[in-house]
Protein chains: 2
Amino acid sequence: VAKGVEQKTLKRPSEIINELLGARRICVLSGPSHAEEVARRLPACVVAASHNQRLAQEVQQVFMNDRLRVYTHNDVPGVELGGALKNIIAIAAGICEGLKLGDNARAALMSRGMIEMGRLGVALGARKSTFFGLAGIGDLITTCVSRYGRNREVGLRIARGETLTEILKRMEQVAEGVWTTRAVVQLARRYQLDMPITQEVYKVLYKGKPPLEAMQALMQRAPKSELVDL
Amino acid sequence: VAKGVEQKTLKRPSEIINELLGARRICVLSGPSHAEEVARRLPACVVAASHNQRLAQEVQQVFMNDRLRVYTHNDVPGVELGGALKNIIAIAAGICEGLKLGDNARAALMSRGMIEMGRLGVALGARKSTFFGLAGIGDLITTCVSRYGRNREVGLRIARGETLTEILKRMEQVAEGVWTTRAVVQLARRYQLDMPITQEVYKVLYKGKPPLEAMQALMQRAPKSELVDL
């Protein structure tokens, strides 16, 4: 079982498998499914994505039961990237929560964060609409609000004044968003994408920008229309 | 200041204004903006929607400051309906939380709930994509997770075994989702729309269906593809 993306290249598991093992029939399973809850047999809904719809349906049949509901999908890069890019937004949401900026601000970060994830996703060959589904906003919501979220936890600690070095030293499990942020900032530059939330998280994590200033910077951007993003 | 929809007809405020006062230049402002937090000057992002883009920009300029970020939009029915339909999903999310089904299940309810809101929205003249924005999923997230949410509160109490009659007797402020659910069930029948979450909330509120059975029914529906909804 594998998830996430390669640190420097942002290569997805399915890409790496195809590179190392040659072309394979691949199906990826992702969505809001914190292991701690799935293991306790609590209900969850996920997507099974494959270029081969028959394979996606096969995986759907195998995994679906009264505790796990599986939807088929065909956007493999979109579904894989959703589960990796959400971690950046979860750090931002953790910072927002830690600074006690409220539920309105955090929901706005998630809503706008999903748009930002989609923007990079499209540049990497995914479909925008995938990020509006379970593997995008669905997974993002769980990661941002759940007490099991390690990336949210990084944001909470940053807001409390801890440095990234201190946080990483004390964490037992990896908060992969820390590395994904760095890789995505480089990709955003290469593709000339506007990714303001990721940029601010990067400045806080790696450039010592005070978290409150980062949140304020997001509020003070030029006025725009939401239509261009939906 | 007005929000929501008329109980029996689901008419939107802008429709009622146009009916009673004749055609007017109307702009609606909506999004994740619980009053309790806005009043404390905490940051929030909303959309200003009008058929007249110049008017939307005017409203954007008037309201925008370092605590309130306003995005323009042109889908008036979509933005109005987002703020009303989310309340049904918030009741469902409250039930899910009250039954301790976990963050995965609640995120799935929100994700699939947004799809359901969009389905009815399209039948009523809105655009599907509007529900993927601040006035849709953004507002829905706040309403589902915030301790200020009255509709979430209804769901929590239902899960604890209280009846709707008892809950309404003791509530000081209106939980409009209780009435919206009833109106939407009728509309879903008229337009022959598949709205499983709304249907289950309706059965729990008005037909005495045990909340856990309602949640289980949602998990046991026939397998499907997510592609048809995005």
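Given the structure is predicted, the values throughout are model-derived calculations rather than measurements.

Visitor: So what exactly am I meant to see when it comes to unusual backbone geometry here?
Guide: Note: most residues except glycine have negative phi, and most peptide bonds are trans. Residues and elements named next belong to chain B. In this model, Leu10 sits at a positive phi of 60°, which is unusual for a non-glycine residue. Non-glycine residue Gln192 carries a positive phi angle of around 55°. Among the structural elements, Gln192 can be located in the loop between α9 (177-191) and α10 (196-207). Relative accessible area serves as the criterion here: at 74%, Gln192 is assigned to the exposed category.

Visitor: Could you clarify how one ought to interpret the relation of the copies chain B and chain A in this entry?
Guide: Note that the two copies of the chain are related through a rotation about an axis and a translation along the same axis. In the superposition of chain B on chain A (RMSD 0.0 Å, axial shift 0.0 Å), the rotation amounts to 180°. Put plainly, the chains are arranged around a two-fold axis. If distances are taken from each C-alpha of chain B to the rotation axis, the shortest is found for Phe132 of chain B, at 3.2 Å. Taken together, the interface assignments show that 100% of the residues at the interface of chain B recur at the interface of chain A, consistent with an identical surface on both copies.

Visitor: How should I be thinking about helix α7 (residues 150-159) of chain B in this particular structure?
Guide: For an α-helix, 3.6 residues make a turn, and residues three or four places apart therefore share a direction. All names here are of chain B. The buried count for α7 comes to eight of ten residues, which makes it a mostly enclosed element. Burial in α7 covers these residues: Asn151, Arg152, Val154, Gly155, Leu156, Arg157, Ile158 and Ala159. Against the buried residues of α7 lie α4 (76-98), α6 (134-145), α8 (164-170), α9, α10 and α11 (211-219). Looking at the residues trailing α7, positive phi occurs at Gly161, about 105°.

Visitor: Just to check I follow, could you spell out the packing of aromatic side chains for this structure?
Guide: Each pair of aromatic rings is reported with the distance of its centres and the angle of its planes. Residue and element names in this part refer to chain B. Tallied over the full model, the rule gives three aromatic pairs over all chains. Seen in terms of ring centroids, Tyr202 and Tyr206 are 5.2 Å apart; in terms of plane orientation they differ by 40°. Their pairing is tilted. Taken together, the residues span about one helical turn, with Tyr202 and Tyr206 both in helix α10 at a distance of four residues. By relative accessible area, Tyr206 is classed as partly exposed at 24%.

Visitor: Just to check I follow, could you spell out the interface of chain B and chain A for this structure?
Guide: Accessible area lost upon the coming together of the parts serves often as the stated size of an interface. Each partner contributes residues to the interface: chain B has 60 residues there, and chain A has 60 residues. Interface area, chain B with chain A, both sides summed: about 4700 Å², of which 61% is carbon and sulfur. Three residues stand out in chain B for area buried against chain A, namely Arg69, Asn104 and Met219 of chain B, and they jointly supply 17% of the buried area on that side. At the boundary of chain B and chain A, one finds 26 residue pairs in polar contact (both at pLDDT 80 or more). Listing elements by their share of the side of chain B that touches chain A, those giving two or more residues are α2 (35-39), β2 (44-50), α3 (53-63), β3 (68-73), α5 (103-123), α6, α11 and β4 (224-225) of chain B. If you tally residues by element for the side of chain B that touches chain A, the top one is α5 of chain B, at ten residues. The residue makeup of the side of chain B that touches chain A, split by class, is 28 nonpolar, 19 polar and 13 charged. Looking at chain direction, strand β4 (residues 224-225) of chain A and β3 of chain B are connected through two bridges and run parallel. Within β3 of chain B, the position partnered with Lys224 of chain A by the bridge is Tyr71 of chain B.

About the criteria used
Residues numbered from 1 in each chain as written. Chains lettered and ligands numbered in written order. Predicted model: local features only at pLDDT ≥ 70, side-chain atom pairs only at ≥ 80, totals over all residues. Heavy atoms only, no water. Helix = DSSP H or I, 4+ residues; strand = E, 2+ residues; numbered from the N terminus. Buried < 20%, exposed > 50% of the residue type's maximum accessible area, 1.4 Å probe, protein only. Least-squares fit on C-alpha atoms with pLDDT ≥ 70 in both. Contact = heavy atoms within 4.5 Å. Phe/Tyr/Trp six-rings, centres within 6.5 Å; stacked < 30°, edge-to-face > 60°. Buried area = accessible area lost by both parts, 1.4 Å probe. Polar contact = N/O pair within 3.5 Å; in protein donor to acceptor, adjacent residues only side chain to side chain. Nonpolar A, V, L, I, M, F, W, Y, C, P; charged D, E, K, R; others polar. Pairing = 2+ DSSP bridges.

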